[in-house]
Amino acid sequence: MKIFIYTLVFSLFLGLTSCATRVKTRPAKITYVKVAPRNHKVVYVKGNRYYHWNGQHYRKTKRGYVVVRM
């Protein structure tokens, strides 16, 4: 009877624990461009304003311009 109770408690303990782990990722290193070049173009995509030069789209922030994936 004692063994039955121990196995029951042990199986309940294993059943209540989770095997899932939490993985934390660091944000990618962000590079800011302080001033847009003269040849930049303003582009509107779905009502949002982006800046385009060198084949990439940028978004304006308080710190400068940040590359955006489209």
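Small disclaimer: the values here were computed from a predicted structure and weren't measured. (Residues numbered from 1 in each chain as written. Predicted model: local features only at pLDDT ≥ 70, side-chain atom pairs only at ≥ 80, totals over all residues. Heavy atoms only, no water.)

**Considerations on the overall build of the protein**
Then step 1. A tally of helices and strands in the protein yields one helix and five strands.
Then step 2. For the protein, the sequential pattern of α-helices and β-strands runs α-β-β-β-β-β.
Then step 3. Residue burial in the protein is summarised as follows: out of 70 residues, 14% are buried.
Then step 4. Long-range contacts, defined as pairs at least 24 residues apart, comprise 30% of the intrachain contacts of the protein with a sequence gap of at least 6.
Then step 5. Here the protein has roughly 7100 Å² of accessible surface; of this, 58% comes from carbon and sulfur atoms. (Helix = DSSP H or I, 4+ residues; strand = E, 2+ residues; numbered from the N terminus. Buried < 20%, exposed > 50% of the residue type's maximum accessible area, 1.4 Å probe, protein only. Contact = heavy atoms within 4.5 Å. Areas by Shrake-Rupley, 256 points an atom, 1.4 Å probe, with all protein chains shown as cover.)

**Section: the sheet that holds strand β1 (residues 32-33)**
Then step 1. Read from one edge to the other, the open sheet built from five strands follows the order β1-β5-β4-β3-β2, with strand pairing classed as antiparallel. Single-partner strands in this sheet number two, and they are β1 and β2 (41-45). (Pairing = 2+ DSSP bridges.)

**Focus: the pairing of strand β5 (residues 65-68)**
Then step 1. Relative to β5, β1 is paired through two bridges, and the arrangement is antiparallel. The residue bridging Val33 from the neighbouring strand is Tyr65, located in β5.
Then step 2. Of the pairings in the sheet, the one linking strand β4 (residues 56-60) to β5 comprises four bridges and is antiparallel in character. Across the sheet, the residue bridging to His57 is Val68, located in β5.

**Describing the packing of aromatic side chains**
Then step 1. According to the stated counting rule, one finds three aromatic pairs in the structure shown.
Then step 2. Centroid distance Tyr51 to Tyr65: 5.2 Å. Interplanar angle 80°. Geometry classified as edge-to-face. On the criterion of sequence distance, the pair formed by Tyr51 in strand β3 (residues 48-53) and Tyr65 in strand β5 is long-range, its members being 14 residues apart.
Then step 3. Aromatic side chains Trp53 and Tyr58 sit 3.9 Å apart centroid to centroid with 5° between the ring planes, which places their arrangement in the stacked category. (Phe/Tyr/Trp six-rings, centres within 6.5 Å; stacked < 30°, edge-to-face > 60°.)

**Quick look at the pairing of β2**
Then step 1. The pairing of β2 with β3 spans five bridges and is antiparallel. Note that in β3 the partner of Tyr44 across the bridge is Arg49.
Then step 2. Counting the residues that bridge the hairpin from β2 to β3 gives two residues, and of these Lys46 lies at a positive phi of roughly 50°.

**With respect to unusual backbone geometry**
Then step 1. Residue Lys46 is not a glycine yet carries a positive backbone phi of 50°.
Then step 2. Examined against the element boundaries, Lys46 turns out to sit in the loop between β2 and β3.
Then step 3. We classify Lys46 as exposed; its relative accessible area is 80%.
Then step 4. Phi is positive for Asn54, close to 55°, though the residue is something other than glycine.

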